[in-house]
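# An overview of the molecular structure
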Amino acid sequence: MGMWISLVSFLAVIVSGILLISAAIKKRPKKRLGFILCGSVILFFAGAILSPSNLTLSVISPEIQTDETGKATIEGEATADAVLTINGETVKNSKGSFSYTVHLNDATEQQVVVKAALNDQKKEQEVLIKPSKEFVAYLEAEKAEKELIKQVETALALAESKPTQKNYDEAATLVHSLSKTYDDYDQRLAVLQDHLQIASALEKAEQSLSRTDLEAAAKLVAATSSTKTEFEDRLASLQTKVEEKETQAKLQAQATKAVEKAEAEPTEANLASRSEEH
C-alpha cells in the first residue's frame, strides 16, 4: 500500500512541478498548482514511511574457528525489525546487530544457518564453524584424562580391597599424574595411607609385644576416621598377648630374684624357696 502511494504521489510531484513551471512562464495562476505540489510531496513521504523496509542480512565472517574450549561467536547485521533465527533458535536483534555463540562438542565441523524474516521477505546465510587446533588438543587431553581416570578407579579399588604399600603407591602415582585435582581421590588416598600406618604399627607391636608399641598403635586406631572394627579386634588380641608377656616377665623376674637371694644367703628358707621355684 505504502509503495503505491509513494509511486502515485511521485508522479503527481513531477506533473504538478512541470505544470507549476509552465504556469510561471506563462504567468498564469499558480496557487492551486502549489497546493497540489505540496500535497503530492506530503503523500510521497507518507508512502515512503508506510512502505515495508527491504530485508538485509549479513554476517561478519562466513567461516569461524572456535577458541580452545570449542566456542565460536557468530556476529552480523540485519534489518532492525527482522526476526532472526540460528539453527531454529530465536536470536535477539539489537537494533540491527546480532551475536550468537556456538559450542562444538567434538572436532567435527558444524554448518550453521542464519535466517532473517521480515513480513513476506526471507533471507538466510550459512556459517561454517571449524574446530581450532587448540580445541582439538583440548579434546585429546580430555580423552586421555578420562582413560587415566579409569586406571585410577581400578588401582584405588584394588588398593582398598588389598591395602598393601605396593598397591597404594601405584594408585597414588596414577592420581598424582592427573591434570586436575579430584578431592574424592585425594580423600580415598588419605584413608588408605591412614590404614597402612595403623597396620604397620600393629604389625610392629605384634612382633615386639611391647607396651610402648601397643600404646602407639592404639593411639593411631583411636584417631582414625575409617572403620575401626578390624583394628580394634587386633588391638584386643594384642593387649592380651602383651599382658601375658608382662606377667611372664614379672614371674621370671621374681624367680631370678629368689635364686639370687638364695645364692647370696643360703638359709634353709631361701633354699626351700629356690627349690619351689625350680
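Below is a summary of the structure that appears in this document. (Residues numbered from 1 in each chain as written. Predicted model: local features only at pLDDT ≥ 70, side-chain atom pairs only at ≥ 80, totals over all residues. Heavy atoms only, no water.)

## Focus: the overall build of the protein chain
Selection criterion: Going along the chain from the N terminus, every DSSP run of H or I of four or more residues is numbered as a helix, and every run of E of two or more is numbered as a strand. To sort residues, take the accessible area from a 1.4 Å probe on protein chains only and compare it with the maximum for the residue type: under 20% means buried, over 50% means exposed, and anything in between is partly exposed. Residue exposure ignores everything except the shown protein chains as possible cover, and the areas themselves are Shrake-Rupley values with a 1.4 Å probe.
Looking only at helices and strands, the protein chain has eight helices and eight strands in total. Buried residues in the protein chain amount to 29% of all 278 residues. Carbon and sulfur atoms make up 56% of the accessible area of the protein chain, which totals about 18,800 Å².

## Here's the deal with the sheet that holds strand 8 (residues 121-130)
The condition that has to hold: We treat two strands as partners when DSSP finds at least two bridges between them. Note on definitions: angles span 0 to 180 degrees between N-to-C directions of axes, and those axes are lines fitted to C-alpha atoms, for helices only across the stretch in contact.
A sheet is described by the order of its strands in space; here five strands give the open sequence 2-8-7-4-5, paired in mixed fashion. A strand with exactly one partner marks an edge of an open sheet, and here the two such strands are strand 2 (63-65) and strand 5 (89-91). Pairs of neighbouring strands in the sheet enclose a mean axial angle of 30°, with direction left out of account. In this structure, strand 4 (residues 83-86) lies alongside strand 5, joined through three bridges in antiparallel fashion. If you follow Thr85 over to strand 5, its bridge partner there is Thr90.

## Focus on the environment of Asn167
Formally: Note on contacts: a residue pair is in contact if any heavy atoms of the two residues lie within 4.5 Å.
Topologically, Asn167 is positioned in helix 4 (residues 165-176). In the structure, Asn167 is positioned 12 residues away from Ala155 in sequence and 7.2 Å away in space, judged by C-alpha atoms. Asn167 has contacts with Leu158, Ala159 and Lys162, leaving out every residue within four places of it along the chain.

## With respect to the pattern of salt bridges
Let me state the cut-off plainly: The term salt bridge refers to a pairing of a side-chain nitrogen on Lys or Arg with a carboxyl oxygen on Asp or Glu at a separation within 4 Å.
Counted under the stated rule, the structure contains nine salt bridges. With a closest N to O distance of 3.5 Å, Glu142 and Lys180 form a salt bridge. With Glu142 in helix 3 (residues 133-161) and Lys180 in the loop between helix 4 and helix 5 (183-208), this residue pair connects regions lying 38 residues apart in the sequence. A relative accessible area of 23% means that Glu142 is categorised as partly exposed.

## Description of the nonpolar core
Definition in use: The term nonpolar core refers to a set of buried residues drawn from Ala, Val, Leu, Ile, Met, Phe, Trp, Tyr and Cys, joined through side-chain atoms within 4.5 Å.
The biggest cluster of nonpolar side chains holds 22 residues, and the ones touching the most others in it are Leu57, Ile74, Leu84, Phe98, Val114, Val127 and Ile129. Residue assignment for this core shows that the elements contributing at least two residues are strand 1 (57-59), strand 3 (71-78), strand 4, strand 6 (97-103), strand 7 (110-118) and strand 8. The biggest single contributor to this core is strand 7, with four residues. Setting aside residues no more than four positions away along its own chain, Val127 makes contact with Val59, Ser61, Pro62, Glu63, Ile64, Ile74, Gln110, Gln111, Val112 and Val114. Ala155, Ala159, Leu174 and Leu196 belong to the second-largest nonpolar core, a separate cluster that totals 15 residues.

## Here's the deal with the sheet that holds strand 3
Across the sheet, three strands lie side by side as 1-3-6; this open sheet has antiparallel pairing. Looking along the sheet, the strands with just one partner apiece sit at the ends: strand 1 and strand 6. This sheet shows a mean twist of 25° between the axes of neighbouring strands, independent of strand direction. Pairing of strand 1 with strand 3, which is carried by three bridges, proceeds in the antiparallel orientation. Each residue of the ladder has a partner; that of Val59, found in strand 3, is Gly76.

## Here's the deal with helix 4
Every α-helical turn comprises 3.6 residues, leaving residues that sit three or four positions apart pointing alike. Threshold: A helix's residues, less one, multiplied by 1.5 Å, set its expected span. Directions from the helix axis toward the C-beta atoms define the arc.
With 12 residues, helix 4 extends 16 Å from end C-alpha to end C-alpha; this agrees with the ideal 16 Å at 1.5 Å per step. Among the residues of helix 4, those classed as buried are Asn167, Tyr168, Ala171, Ala172, Leu174 and Val175. In a view along the axis of helix 4, the buried residues occupy a sector of 165°, so they form one face of it. Residues of helix 4 that are exposed and point more than 90 degrees away from the buried face comprise Lys166, Thr173 and His176. Packed against the buried residues of helix 4 are helix 3 and helix 5.

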